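These are the residues of each chain, in order.
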Amino acid sequence: MENRNEYVHTVYDALHQIPEPGYKEFKTSEFIESELKKWGYKIHRNVANSTGIIAVLDSNREGPFVGIRADMDALPYQMDGRIEYRHTCGHDAHSSIALAVARSIYSSGVARGKLYFIFQPAEELLTGAKTVISSGLLNDMTHIIGMHIRPYQECLFGQAAPALWHSALARLNIKLTGITAHAGRAHLGANPIETAILIANAINTIKINPQVSSSINITRVNTGDNAENSLPEELNMCIDVRCADNTTMRTLLEELNLRVESCAKITRTKAACTVSCCPAAEYSSDMIDAASRAIEKVLGADGLVEEIHTVGAEDFHYYTKEIGCKAAYVALGANAKPGLHHKEMVFERKALDNGVDIFLEIINTILN
Ligand SMILES: [Zn+2]
Ligand SMILES: [Zn+2]
């Protein structure tokens, strides 16, 4: 039988060859399920009618209910005129690590509580976590641990941080409806482009505490194929909002809504706004402590680096928000280059071994 570290690399090689988009991780989940079956895990497949898999290791004794969460999906790229999927965010690495942990721990078991391995679909779509939660299988989860490989600018191979503080992300899709008219008789119409320009300027009048990092960007404006000499009837715009904490995000969204409505009123257009949100990270200090101790044990005192703050978003934080469990999220130094989501992304493969060992140490702290 391969040793633990050989195994994680074998699995990585297999998963790296079958990159699949969110909710279509068919081959990936089939592979994961077939491995889990070999060791005797109780398996929930097609979780919430999707590609998610949850494997359960129950001590049959009282204790915490701990989830190890890995994501499975890849990203799409235009290559030679067609769409190709690639694992450029390292989700193949995360699934390999979780599977190697599952294999390693099955024979020894856990002394108390329950351990769940959550193989989640569609993280890149930011909806996979909600899908898994809707299955109800995790309603009693008390702790959850996530992990993500990091680019070399953030955390080097041989290092790890006990918390990766993701920002809250909101996307406002705004449909502005005006009244089309000949450009020479604009007084008979209502121009949604003027509404969009007012919104772009009004965003600058939003003032929040500058100590909370945030950003608001208009990422799309589209009026379709209207004639150059007439006012468009409709305009669609998208605003991307990021903010380090959930309370301030709520304020930002209220302020933005007020401005969208006011700008539409002034220009006599109608605004319909749909908002999709992903919450910011909320971690418990004892889980960060457990992660810190595990990193120190595996990588030594020099390997434990400071907590990392990022404007990136992660749907992992729905687990804490909706289930109310305690969380930790390890930023695993992996020298990913040129950067995550880059179509040529590569990373230091030996980081997989560190990921397995850190997870095992954290589980040991909580369940043994
Ligand atoms: Zn990603
Ligand atoms: Zn990712």
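Scroll up for the structure.
Residues numbered from 1 in each chain as written. Chains lettered and ligands numbered in written order. Predicted model: local features only at pLDDT ≥ 70, side-chain atom pairs only at ≥ 80, totals over all residues. Heavy atoms only, no water.

A. Geometry of the overall build of the protein. Within the protein, the regular secondary structure consists of nine helices and 15 strands. A buried classification covers 52% of the 368 residues belonging to the protein. Of the roughly 16900 Å² of accessible surface on the protein, 48% is carried by carbon and sulfur atoms. Between the mean site of the 35 positive side-chain charges and the mean site of the 44 negative ones, the protein shows a separation of 4 Å. (Helix = DSSP H or I, 4+ residues; strand = E, 2+ residues; numbered from the N terminus. Buried < 20%, exposed > 50% of the residue type's maximum accessible area, 1.4 Å probe, protein only. Areas by Shrake-Rupley, 256 points an atom, 1.4 Å probe, with all protein chains shown as cover. Lys, Arg positive; Asp, Glu negative; His and termini not counted. Charge placed at Lys NZ, Arg CZ, Asp CG, Glu CD.)

B. Structural view of the nonpolar core. Formed by 56 residues in total, the largest nonpolar core has its most connected members in Leu-36, Leu-115, Phe-117, Phe-119 and Ile-358. Per element, the largest residue contribution to this core is ten residues, and it comes from helix α9 (residues 351-367). Ignoring any residue separated from it by four or fewer positions in sequence, one finds Phe-119 in contact with Ile-32, Leu-36, Gly-52, Ile-53, Ala-70, Met-72, Ser-95, Ala-98 and Leu-99. In terms of nonpolar packing, the next biggest core, distinct from the first, is built from 31 residues, Tyr-116, Leu-138, Met-141 and Ile-288 among them. (Core = buried A, V, L, I, M, F, W, Y, C linked by side-chain atoms within 4.5 Å. Contact = heavy atoms within 4.5 Å.)

C. Region of interest: the sheet that holds strand β10 (residues 168-177). With antiparallel pairing, four strands are arranged side by side in an open sheet as β11-β12-β10-β13. The sheet is open, and its two edges are formed by β11 (214-222) and β13 (270-278), each paired on a single side. The sheet shows a mean angle of 15° between the axes of neighbouring strands, direction not considered. The strands that helix α5 (residues 192-202) touches are β10, β11 and β12 (234-243); relative to β12, the one it contacts most, it runs at about 15°. (Pairing = 2+ DSSP bridges. Axes fitted to C-alpha atoms, helices over the stretch in contact; angles between N-to-C directions.)

D. Examining the pattern of salt bridges more closely. Counted by the stated rule, this structure contains 19 salt bridges. Taking the shortest distance from any N to any O, the salt bridge between Asp-71 and Arg-69 comes out at 3.6 Å. Comparing Asp-71 with Arg-69 shows no difference in burial state: the two are buried. One salt bridge in this structure joins Lys-326 and Asp-286, with 2.7 Å as the shortest N-O distance. Taken together, the positions of Lys-326 in strand β15 (residues 326-336) and Asp-286 in helix α7 (residues 285-299) put the pair 40 residues apart, joining distant regions of the chain. By relative accessible area, which is 33% here, Lys-326 ends up partly exposed. We classify Asp-286 as partly exposed; its relative accessible area is 38%. (Salt bridge = Lys/Arg side-chain N within 4 Å of Asp/Glu carboxyl O.)

E. Quick peek at the coordination of the zinc ion (ligand 1). Looking at the zinc ion (ligand 1), one finds its protein donor set to be Cys-89 (SG), Glu-124 (OE) and His-341 (NE2), positioned 2.0 to 2.2 Å from the metal centre. When the donor residues of the zinc ion (ligand 1) are listed from N- to C-terminus, their spacing reads C-x34-E-x216-H. Separation of the zinc ion (ligand 1) from the zinc ion (ligand 2) amounts to 3.2 Å, with Cys-89 serving as a shared donor to the pair. Placement of Cys-89 in the loop between β5 (82-86) and α3 (91-106) and of His-341 in the loop between β15 and α9 is noted, with a sequence separation of 252 residues between them. When its relative accessible area of 7% is taken as the criterion, Cys-89 is described as buried. (Donors = N, O, S within 2.8 Å, 3.2 Å for Na, K, Ca; no water.)

F. Geometry of helix α6 (residues 246-266). Taking 1.5 Å per residue as the helical rise, α6 with its 21 residues ought to reach 30 Å, and the 30 Å between its terminal C-alpha atoms agrees with that figure. Every buried residue of α6 is accounted for by Asn-246, Thr-248, Met-249, Leu-252, Leu-253, Leu-256, Arg-259, Val-260, Cys-263 and Ala-264. End-on, the buried residues of α6 take up no more than an arc of 140°, which puts them together on one face. For α6, the exposed residues set more than 90 degrees away from the buried face come down to Thr-247, Arg-250, Glu-254, Glu-261, Lys-265 and Ile-266. Looking at the buried side of α6, the elements it contacts are β10, α5, β11, β12 and β13. Two residues or fewer past α6, Arg-268 is found with a positive phi of approximately 60°. (Expected span 1.5 Å × (residues − 1). Arc of directions from axis to C-beta.)

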